[in-house]
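# Structure assessment
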Amino acid sequence: MKEIITEKFIFLRAARLKNMGKLQVVYEQEGVFIHSSSGNSDDQDCLLSGILRVIEKDTEVIVDWRSLDDSLDSSNILYARKDSSSVVEWAQTPKEKTLRGTEHPNSYEAEWDMVNTVSFKKKPQSNGDAAVHTNGENKWSFLFSLADLKSIKQNKEGMGWSYLVFCLKDDVVLPALHFHHGDSALLIHSLRKYVVLCESPQDKRILVNCQSISQSFENLLDEPAYGLLEKLKTDPYTATMGRFSKVTNYIFDNLRGSDPATQQRPPSEMADFFSDAIPGLKINQQEEPGFEVITRIDLGKRPEVNRRQPVSVEEWTKNMDSEGRILNADSMKQMIFRGGLCHALRKEVWKFLLGYYPWHSTREERTNIQKRKIDEYFRMKLQWKSVSEEQEKRNYRLRDYRSLIEKDVNRTDRTNKFYEGQDNPGLILLHDILMTYCMYDFDLGYVQGMSDLLSPILYVMENEVDAFWCFALYMDQMHQNFEEQMQGMKTQLIHLSTLLRLLDSGFCSYLESQDSGYLYFCFRWLLIRFKREFSFQDILRLWEVMWTDLPCQNFHLLICCAILESEKKQIMEKHYGFNEILKHINELSMKMDVEDVLCKAEAVSMQMINCKELPQAVCEILGIENSAATTPDSDTGEDETAGGISHSAPAYPNISKPVAAANGTSESIEQVTPTVLTD
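Residues numbered from 1 in each chain as written. Predicted model: local features only at pLDDT ≥ 70, side-chain atom pairs only at ≥ 80, totals over all residues. Heavy atoms only, no water.

As annotated in an unreviewed UniProt entry, the protein is TBC1 domain family member 15 from Podarcis muralis. We quote the UniProt Function (unreviewed entry) comment for the protein here in full: "Acts as a GTPase activating protein for RAB7A. Does not act on RAB4, RAB5 or RAB6." (UniProt positions renumbered as here; feature names shortened; annotations may be inferred.)

This is the structure:
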């Protein structure tokens, strides 16, 4: 008998459940049966008797069903064996596996194992004609985390034994559990303590886990296209913000899924779903309030740009007086913008760029700042460290934050030597800083993706306290990206469309003709500032350049424009449609050269800034004065040539200070420096 099931299970390799260590059984019911097909010609059911339990394991809740034999004999417990085709076969535990499974009889935790989204098939009986009901009970034992629950289907009243069917987020449907002794309502009551179960409007027999769409990037690719798009319409924040990290993968793969009806869903309909999913996102509509109609404008010739070498330790120390003040902060930021920093300087200079240290501060003042911030950090850290297990059981938000953080930490930049391996101190610091940030900003807490922003900062700082405060300041800039209303993301996508239309209205028209005018394929770029588009070392360079706040406000949008312009020829010449555009943009990840992209983006900024007829809407986006009133004779950066720039320094007009950034406000940690970044 063959049965292919796609699922995400946690397999238990331990012996009896009575040796549970830190686990607590909150619900237990005997006489819960699985009615399995015996495989005989009459297709009669085989009744597999078992025990159903709901178990608390730390902050996780496990639903576990096992046959009576499984609960008595550890040799019958399943193990997972992966073959070369990523298909895992179910088999009885070999004796050697059993021996290893009993090495820690009093440590139940040590016996948990996670097998991520793979395909499973039941291994045929060796004697061919053996019926499953004779010795196959152990093949049906399963358990899963309640966090993976999608819905529960109940039987109709008066229709035989009470039964429940669990459906997981991967759309895996587990075998129906029949309650021969009744009491299925007790189980539902127990589960409601941990999750919110709502009746489905389509079928009152189905209880939907209303918390199952969390702030998570993890499972975006595992849901059918139409299903998630329905969620986008009903709950845009949790469905979009939580999972848009892999949006381009998701859309392309699911549109080309196995369902023919899904494959044929027209791009226009998909675009309509996205426009409905993010209320207020009306890109490319000229009646958008506050935006003028942008007609074709001659921007003039685009200058060539060559970048300089990174700022050296010698250049940095020469620009500092005897007390440690930076002599010319503007000149230094110009140099950093055009070349970045040598790695030896990053630990110190990033603190200035992010506003942790004021540019005019002395060494003594910076030492005092750091002392105050050490005390403040550890006071916040103590808040969550001192929460008892009993307290945390009554604080679902803290439990959720901790669970999300633990999942993210275990998969953040694990190929980087700083974070690779088990029991890595870098992972512990990631966890502790993110938990402390929840105390710092409990309203926002933790949203998956924040670990992507912290990882490079911690890598550079190599210090828990400094990394926390630099991360907190970066989050001040990025805050609205992660807020429930997504206002920062809406604003950035609208601004990006405006800039791209000015640069190339023909390309914008082509994207619109392919129902891609909303530019949602750029969502991931903006959400976590290109973190997953460039290599780790390139991200260090890119972020420090953007943190100079030069040459204009929202320079990251011009980086998007530069990338899209580079891909325009291939997209248009090959007549890419909706799906192909998404796939192509997604496949750019880790294939772009950061220096080349920065050169193109700076050239675009110079072209726009030097244009005498720049539309007011664009001036406001870039935070520059009306270009008609500026002169190209600015003396900014006149002495840069010695630093390695092979072109005359561009004439950047005065940057008007915005009241608030498009995606968040930012202030110095001491609120005394005027050079803090806004995006």
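## Focus on the side chain of Thr362
Inspection of the secondary structure puts Thr362 in the loop between helix H12 (343–353) and helix H13 (363–385). If we ignore the near neighbours within four places in the chain, the residues touching Thr362 are Glu323, Gly324 and Arg325. (Helix = DSSP H or I, 4+ residues; strand = E, 2+ residues; numbered from the N terminus. Contact = heavy atoms within 4.5 Å.)

## Observations regarding the pairing of strand S10 (residues 162–168)
Burial runs high along S10: 5 of the 7 residues are buried. Examined bridge by bridge, S10 and strand S11 (residues 177–179) share 3 bridges and lie antiparallel to one another. Pairing of Leu164 across the sheet is with Leu177, part of S11. (Buried < 20%, exposed > 50% of the residue type's maximum accessible area, 1.4 Å probe, protein only. Pairing = 2+ DSSP bridges.)

## A closer look at the packing of aromatic side chains
Under the counting rule described, the total for this entry stands at 28 aromatic pairs. Plain terms: the ring middles of Phe418 and Tyr419 are 4.9 Å apart, the flat faces sit at 85° to each other, and that makes the pair edge-to-face. In this structure Phe418 comes out as partly exposed when scored by relative accessible area, which is 21%. A relative accessible area of 0% places Tyr419 in the buried class. Taken together, the ring pairs in this structure connect Tyr377, Phe378, Tyr437, Tyr440, Phe468, Trp469 and Phe471 into an aromatic cluster. Here the basic side chain of Arg366 rests over the ring of Tyr357, its NZ or CZ set 5.9 Å away from the ring centre. (Phe/Tyr/Trp six-rings, centres within 6.5 Å; stacked < 30°, edge-to-face > 60°. Lys NZ or Arg CZ within 6 Å of the ring centre and 35° of its normal.)

## A short note on the packing of H13 against helix H18 (residues 464–478)
Running from N to C, H13 and H18 point in directions that differ by 85°, and their axes come no closer than 10 Å. Viewed along their axes, H13 and H18 adopt a mutual orientation that is roughly perpendicular. Of H18, the residues touching H13 (which contributes Gln370, Lys373, Ile374, Glu376, Tyr377, Phe378, Met380 and Lys381) are Glu464, Val465, Asp466, Phe468 and Trp469. Here the residues of the contact of H13 with H18 are counted per class, giving 7 nonpolar, 1 polar and 5 charged. (Axes fitted to C-alpha atoms, helices over the stretch in contact; angles between N-to-C directions. Parallel < 35°, antiparallel > 145°, perpendicular 65-115°, else oblique. Nonpolar A, V, L, I, M, F, W, Y, C, P; charged D, E, K, R; others polar.)

## Looking at the environment of Ile571
Within the secondary structure layout, Ile571 lies in helix H23 (residues 555–573). We classify Ile571 as buried; its relative accessible area is 1%. Residues Ile571 and Ile581 lie 10 residues apart in sequence; the distance between their C-alpha atoms is 6.8 Å. Beyond its immediate sequence surroundings of up to four residues, Ile571 is in contact with Phe507, Tyr510, Tyr576, Ile581, His584 and Ile585.

## Focus: helix H15 (residues 396–409)
A turn of α-helix holds 3.6 residues, and therefore any two residues three or four places apart point the same way. With 14 residues, H15 should cover 20 Å at 1.5 Å per step; its first-to-last C-alpha distance of 20 Å lies within 8% of that length. Restricting attention to buried positions, one finds in H15 the residues Leu398, Arg399, Tyr401, Arg402, Leu404, Ile405, Asp408 and Val409. (Expected span 1.5 Å × (residues − 1).)

## Points about the side chain of Arg66
Here Arg66 shows up in strand S4 (residues 60–67). A distance of 3.3 Å separates polar atoms of two side chains, one belonging to Arg66 and the other to Asp64. (Polar contact = N/O pair within 3.5 Å; in protein donor to acceptor, adjacent residues only side chain to side chain.)

## Quick notes on the nonpolar core
A general feature of soluble globular proteins is that nonpolar side chains tend to end up buried together. Of all hydrophobic cores here, the largest spans 127 residues; its most connected members are Phe471, Phe482, Phe530, Ile559 and Met608. Mapped onto the domain boundaries, this core takes at least three residues apiece from domain 1 (341–477) and domain 2 (487–622). The contact partners of Ile559, leaving out residues within four places of it in the chain, are Phe530, Leu542, Met546, Val597, Leu598 and Ala601. Within the second largest apolar cluster, 28 residues are counted, among which are Val32, Val61, Phe142 and Ile152. (Core = buried A, V, L, I, M, F, W, Y, C linked by side-chain atoms within 4.5 Å. Domains from an automatic or database assignment.)

## Things to note about the confidence of the model for the protein
Detailed reading of the predicted model is not advised wherever pLDDT is low. Averaged over every residue, the pLDDT of the protein is 73; the share at 70 or more is 63%. Across residues 283–292 the pLDDT falls below 50, and counting only partners more than four positions away or on other chains, this stretch makes 25 contacts in the model. (pLDDT = per-residue confidence, 0-100.)

## With respect to the state of the cysteines
As enumerated under the stated definition, the model contains 0 disulfides in all. The thiol of Cys611 is unpaired, and the distance to the nearest cysteine sulfur, on Cys619, comes to 8.6 Å. (Disulfide = S-S within 2.5 Å.)

## Quick word on helix H4 (residues 184–191)
Buried within H4 we find Ser184, Leu187, Ile188, Ser190 and Leu191. Down the axis of H4, the buried set is contained in an arc of 160°. They therefore lie on one face. H4 presents Ala185 and His189 as exposed residues on the side facing more than 90 degrees away from its buried surface. (Arc of directions from axis to C-beta.)

## What about the pattern of salt bridges?
Scanning all chains against the criterion turns up 30 salt bridges. The partner of Lys381 in a salt bridge is Glu464, with the nearest N and O atoms 2.8 Å apart. With Lys381 in helix H13 and Glu464 in helix H18, this pair connects stretches of sequence that are 83 residues apart. Overall, Glu464 belongs to the buried group, its relative accessible area being 14%. Here Arg532 ties to Asp452 by a salt bridge, and the two come within 2.6 Å at their closest N and O atoms. Highlighted residues: Arg532 in the loop between helix H21 (523–527) and helix H22 (536–546) and Asp452 in helix H17 (residues 450–461), separated in sequence by 80 residues. On the basis of relative accessible area, Arg532 is assigned to the partly exposed category, the value being 24%. When salt bridges with common partners are traced through the structure, they connect Arg307, Arg346, Arg541, Glu544 and Glu595 into a single cluster. (Salt bridge = Lys/Arg side-chain N within 4 Å of Asp/Glu carboxyl O.)

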